[in-house]
Amino acid sequence: MQQLSAAGVDRVLDEARRGVRRYSPQETEAARLRGALVVDTRTETQRAETGELPGAIVIDRTVLEWRLDPASDARIPEATGYDVEIVVVCRQGYSSSLAAQSLRRVGLHRATDLAGGVEAWLAAGRALHRGEADVRR
């Protein structure tokens, strides 16, 4: 029986992050203020537990590439070109690294993620809110 190794997923994560400048919470907010798309991929349950990220667009991870690829018939209006700056956010900054790599493979070369995810956002003293989220289906 073949044994699974954590090195496999660690290797994939290292590859996803290689050569990519990941953003701090402060850099993520600065990017949003200059017009970057901040995309929250956390589940509805995770968002309900901790709150919503101010100014973020919520896109389910299962449809992320289709919503952000400017050539997709299922794109959101903000997906205007392959040069759009995108910061993907998840709970801890793991799945967001993989998602950002997938977006770069689609051609969105400025896609990155928030290092440490929402947990880093909160640790930096930044607030979340309990209002409605900008959910894109």
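Let me sum up the structure you'll find in this document. Everything numeric here is computed off the predicted structure, so don't read it as measured data.

1. Details of the overall build of the chain
No. 1: Each helix and strand counted, the chain has six helices and five strands in total.
No. 2: Each helix and strand of the chain, ordered N terminal to C terminal, gives the series α-α-β-α-β-α-β-α-β-α-β.
No. 3: Scaling as 2.2 N^0.38, a compact globule of 137 residues should have a C-alpha radius of gyration of about 14 Å, and the chain matches this with 15 Å.
No. 4: With the C-alpha coordinates of the chain rotated into their principal frame, the extents come out at 50 × 35 × 25 Å.

2. So, the packing of aromatic side chains
No. 1: Evaluated as defined, the whole model comprises zero aromatic pairs.
No. 2: Across the ring face of Trp 121, the terminal group of Arg 126 is positioned such that the distance to the ring centre comes to 5.5 Å.

3. With respect to the environment of Thr 62
No. 1: Within the secondary structure, Thr 62 sits in the loop between strand 2 (57-59) and helix 4 (64-68).
No. 2: By relative accessible area, which is 61% here, Thr 62 ends up exposed.
No. 3: Side chain to side chain, Thr 62 and Asp 60 meet in a polar contact 2.4 Å long.

Calculation rules
Residues numbered from 1 in each chain as written. Predicted model: local features only at pLDDT ≥ 70, side-chain atom pairs only at ≥ 80, totals over all residues. Heavy atoms only, no water. Helix = DSSP H or I, 4+ residues; strand = E, 2+ residues; numbered from the N terminus. Rg over C-alpha atoms; globule rule 2.2 N^0.38 Å. Phe/Tyr/Trp six-rings, centres within 6.5 Å; stacked < 30°, edge-to-face > 60°. Lys NZ or Arg CZ within 6 Å of the ring centre and 35° of its normal. Buried < 20%, exposed > 50% of the residue type's maximum accessible area, 1.4 Å probe, protein only. Polar contact = N/O pair within 3.5 Å; in protein donor to acceptor, adjacent residues only side chain to side chain.

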